[in-house]
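Understanding the architecture of this molecule
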Amino acid sequence: MASRLVLRADLDAFVAARFARPAVSGLLDTAQRGAVAAAPDGKTWVTMHDDRVRPTHASADGQTVPANIPFELDKVDGSVGHDRAEKPRDPGLPFLQRVECRCEIATSGVVAASIHTSGPEVAGPRCRGEVSTIFERAAESEYADRGGGWMRSGLGAAARQVASRR
Ligand SMILES: [Zn+2]
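Please read all numbers here as calculations on a predicted model, not as lab measurements. (Residues numbered from 1 in each chain as written. Predicted model: local features only at pLDDT ≥ 70, side-chain atom pairs only at ≥ 80, totals over all residues.)

1. Re the overall build of the chain
Put simply, the rule is: In this text, helices come from DSSP runs of H or I with a minimum length of four residues, and strands from runs of E with a minimum of two, each type numbered from the N-terminal end. Radius of gyration here uses only the C-alpha atoms, and the compact-globule reference equals 2.2 Å multiplied by the residue count raised to the power 0.38. Each residue is classified by how many other C-beta atoms fall within 10 Å of its C-beta atom, where C-beta atoms are placed from the backbone; a count of 20 or more means buried, 12 or fewer means exposed, and values in between mean partly exposed. Once C-beta atoms have been placed from the backbone, residue pairs whose C-beta atoms lie within 7 Å are recorded as contacts.
A count of helical and extended segments in the chain gives six helices and seven strands. Element order for the chain, N to C, with α for helix and β for strand: α-β-α-β-β-β-α-β-α-β-β-α-α. Relative to the globule expectation of 15 Å for 166 residues, the C-alpha radius of gyration of the chain, 24 Å, shows a markedly less compact shape. Projected onto its principal axes, the C-alpha coordinates of the chain cover approximately 95 × 25 × 25 Å. By residue count, 27% of the 166 residues in the chain fall in the buried class. In the chain, the share of contacts with a sequence separation of at least 24, taken over all contacts with a separation of at least 6, comes to 58%.

Encoded structure:
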């Protein structure tokens, strides 16, 4: 008796859903965990909230940036651009931006908390997912000389996971 192999018409989609989806899901988890572990803290400029706070610092109050890049303060003379400061009283700031400044920094894990995954989604033979962050100045932080590469480190971990299966 002859037998005949009949392939499913939707074989690509079946394989993607059955095998690729869990594999991609694992890679997304790895990429997210790696990025979260490598993400810098968030740092927030906090003033004393009284009438002695200079206007350029009052407008920076609540500014939260990844800790590996500087805050941006309005110029004291009102000109275009910013003075950049790692922290209140940063020695690199102009004298009028740092003298008698009483501001502080609050740190938190807000950058790591901003890293999310979406997917995996199967569409025909393709399975895709995404690891992303939406955070003020995240790209500047990712490509900074100091502390950059935190999103890429997650992707690197996922790539190593794929390579180890060979
Ligand atoms: Zn201040």
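2. A few points about the environment of P94
Relative to the elements of secondary structure, P94 occurs in the loop between β4 (82-85) and α3 (95-98). Sequence spacing of P94 and K75 is 19 residues, and the spatial spacing of their C-alpha atoms is 9.3 Å. If we skip the residues at most four places from it in the chain, P94 touches V76 and D83.

3. Let's talk about the sheet that holds strand β2 (residues 64-66)
Hydrogen bonds between backbone atoms are what pair the strands of a sheet, whose relative direction is either parallel or antiparallel. Threshold: Strands qualify as paired when DSSP identifies two bridges or more between them. Working convention: axes come from line fits to C-alpha atoms, limited for helices to the stretch in contact. Angles between N-to-C directions cover 0 to 180 degrees.
Reading across from one edge, β2-β1-β5 is the order of the three strands in this open sheet, with antiparallel pairing throughout. At either end of the open sheet lies a strand with only one pairing partner, and these are β2 and β5 (104-108). When the angles between neighbouring strand axes are averaged without regard to direction, this sheet yields 30 degrees. Pairing analysis gives three bridges linking strand β1 (residues 42-46) to β2, with the strands arranged antiparallel. Of the residues in β2, the one forming a bridge with G42 is P66.

4. Notes on the domain arrangement of the chain
Operational definition: The domain limits used here are those given by an automatic or database domain assignment. Under the grouping applied here, Gly and all other residues not named as nonpolar or charged are polar, the nonpolar ones being Ala, Val, Leu, Ile, Met, Phe, Trp, Tyr, Cys and Pro and the charged ones Asp, Glu, Lys and Arg.
On domain assignment, one finds that the chain holds domain 1 (11-39 + 112-163) and domain 2 (42-108). A C-alpha centroid distance of 34 Å is found between domain 1 and domain 2. Contacts between domain 1 and domain 2 engage nine residues on the former and five residues on the latter. Looking at the side of domain 1 that touches domain 2 residue by residue, the classes come out as two nonpolar, three polar and four charged.

5. Brief notes about the packing of helix α1 (residues 11-38) against helix α6 (residues 150-163)
For the record, the criterion: Two helices that cross are described as forming a left-handed crossing if the nearer one is turned anticlockwise from the farther one by less than a right angle, and a right-handed crossing if clockwise.
Following both chains from N to C, one finds α1 and α6 inclined at 145 degrees, their axes separated by 7 Å at the closest point. Both α1 and α6 take part in a crossing whose hand is right-handed. Contacts between α1 and α6 involve L27, T30, A31, Q32, G34, A35 and A38 from the former and W150, M151, S153, G154, L155, G156, A157, A158, Q161 and V162 from the latter.

6. Looking at α1
How we decide: By definition here, a helix of n residues has an expected span of 1.5 Å times n minus one. We define the bend at each residue as the angle formed by axes fitted to the 7 residues ending at it and the 7 residues starting at it.
With 28 residues, α1 extends 39 Å from end C-alpha to end C-alpha; this agrees with the ideal 40 Å at 1.5 Å per step. Helix geometry: α1 is bent most strongly at A20, by close to 45 degrees, with proline P22 lying one to four residues after it. Turning to α1, its buried residues number three or more, namely A16, V24, L27, L28, T30, A31, Q32, G34 and A35. Packed against the buried residues of α1 are β6 (115-123), β7 (126-133) and α6.

7. Focus: the pairing of β1
Examined bridge by bridge, β1 and β5 share five bridges and lie antiparallel to one another. By the bridge assignment for β5, T44 is matched with A106.

8. Considerations on the nonpolar core
Note the following rule: For this entry, the nonpolar core is defined as buried Ala, Val, Leu, Ile, Met, Phe, Trp, Tyr and Cys residues connected by C-beta atoms within 7 Å.
Judged by nonpolar contacts, the single largest core of 16 residues is most densely connected at L27, L28, A31, A35, A39 and V131. At the level of elements, α1, β7 and α6 are the ones that each hand at least two residues to this core. Formed by nine residues, the second largest nonpolar core is a distinct cluster that contains I69, F71, A85 and L93.

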